[in-house]
Number of protein chains: 2
Amino acid sequence: MECGFSPIVGFRFSLHPMADDFVAIIKGALEETDTSAVWMHTDDVSTVIRGKQVHVFNVAKAIALNAAKTGKHIALSGTFSAGCPGDSAGDVYLDMGDAVLNNDHTRQYVSSQFALYPMNNPSYMDMIYREVDRAKEHGVFNESMHYASGIHGDIHDVFNFYEEAFSNARSEEYKHLVMTVSMSMNSPSHGGR
Amino acid sequence: MECGFSPIVGFRFSLHPMADDFVAIIKGALEETDTSAVWMHTDDVSTVIRGKQVHVFNVAKAIALNAAKTGKHIALSGTFSAGCPGDSAGDVYLDMGDAVLNNDHTRQYVSSQFALYPMNNPSYMDMIYREVDRAKEHGVFNESMHYASGIHGDIHDVFNFYEEAFSNARSEEYKHLVMTVSMSMNSPSHGGR
């Protein structure tokens, strides 16, 4: 278990193009994304990016968007984490500025599901309900379901909500926060959106 | 947020065949699996199964194995949950016997990553370290990494470990447990295993 009490945010994810040429799509999406503001490592199952929150969310969105622009059915699933005790502070890219490096505003419908896990926080259910209410206010709430909540809309609105929820669900007192997301783009199940 | 204080276990997952014929592979894997011991619902992003723990893990493994038998590169990612406050007890399949319905013992290499999130438990890090140690004892530990631990080996050994870890990381006092898993099979990145 390596995480930490530093302000670093991490996202461990897998990009799944449902296509025979999945290797080319994954490599293409990574090449088209400016990842210079985050630390990145890929193994045989997933990729992890770490750095300032603003860059971690920006890079995650850009990779998803670049993969989706192939028109193929793309899934992206992963876990955002911050404040885990036991982190090595080594892989830190916290000296970067705040200007995001990926600024493609192409619209892309995303249907997704997320769950918040504020760790060691007795009032964690209240925080979860509050962020689900925020999704409704932002117009990105799709539906309630077991173990998750459905969030959908344009990729930029969806990622804005996720970044805001991730900021709001942790505090100085309760630093360790985990948020799982599972996204689907260009799926035949989305009903043509 | 719908989960609960009943003994029901749930698994919300997505199956991702990295192939143009992903729809046929997903449908085939589901058809070849006996899912009659679990409640199941599929939406445009994921599928959730709920029931007795033994059946939830058995069905999850069978779906992964049946998809992998196509020889295509398959990913399965999802979240096991139990004991979440706020659950509706409605969709419960707890009156089933304990005999598992899927008994295909075909060997299949799996490389995977998992994370345990015991909720509202002040000693949650100890529980995580203990289960990672158990993986090492069982010979399925692959490597340490940020935010997760690598677990690999034959699919039956891997799932046995996951079910055991999920049992051991919750208690009467701390009922709410979440475990994320991300699995990869038949990947060109697995080095021929």
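No experiment lies behind these values; they were computed from the predicted model shown. Along each chain, the written sequence defines residue order, and numbers are assigned to residues from 1. Working convention: letters from A go to chains and numbers from 1 go to ligands, in the order in which they are written. Restriction of local features to residues with pLDDT of at least 70 applies here, the model being predicted, together with a cutoff of 80 or more for giving and counting side-chain atom pairs; totals for whole chains, interfaces and linings are based on all residues. Side-chain measures here rest on the full set of heavy atoms in the structure, leaving out hydrogens and waters.

Chemist: How should I be thinking about the sheet that holds strand β8 (residues 177-185) of chain B in this particular structure?
Modeler: In a beta sheet, neighbouring strands are held together by backbone hydrogen bonds and run either parallel or antiparallel to one another. Residue and element names in this part refer to chain B. Read from one edge to the other, the open sheet built from eight strands follows the order β2-β3-β1-β4-β8-β5-β7-β6, with strand pairing classed as antiparallel. Both outer strands of the open sheet, β2 (39-42) and β6 (141-145), are each paired with one neighbouring strand and no more. Mean inter-strand twist for the sheet, computed between neighbouring axes without regard to direction, equals 20°. Pairing between strand β1 (residues 9-17) and strand β3 (residues 47-51): five bridges, direction antiparallel. What sits directly across from F11, in β3, is I49. Whether two residues are in contact is decided by their heavy atoms, any of which lying within 4.5 Å being enough. A fitted line through C-alpha atoms serves as each axis, taken over the contacting stretch for helices, and the angle formed by two N-to-C directions is quoted from 0 to 180°. A run of H or I in DSSP becomes a helix once it reaches four residues, and a run of E becomes a strand once it reaches two; helices and strands are each numbered from the N terminus. The strands touched by helix α1 (residues 22-31) within the sheet are β1, β2 and β4 (74-82), with β1 carrying the most contacts at an inclination of about 145°. Across the face of the sheet, helix α3 (residues 124-137) comes into contact with β5 (109-118), β6 and β7 (148-154) while running at roughly 160° to β5. Any two strands between which DSSP finds at least two bridges are classified as paired.

Chemist: Looking at this structure, how should I read the environment of M183 of chain A?
Modeler: All names here are of chain A. Residue placement: M183 occurs in strand β8 (residues 177-185). Look at M183 and you get buried, because its relative accessible area is 2%. It is 22 Å that separates the C-alpha atoms of M183 and V100, two residues lying 83 residues apart in sequence. Once residues within four sequence positions are removed from consideration, M183 is found in contact with I74, A75, L76, V110, S111, S112, F159 and Y162. Buried, partly exposed and exposed residues are distinguished by accessible area as a fraction of the type maximum, computed with a 1.4 Å probe on protein chains only: under 20%, between the cut-offs, and over 50%, respectively.

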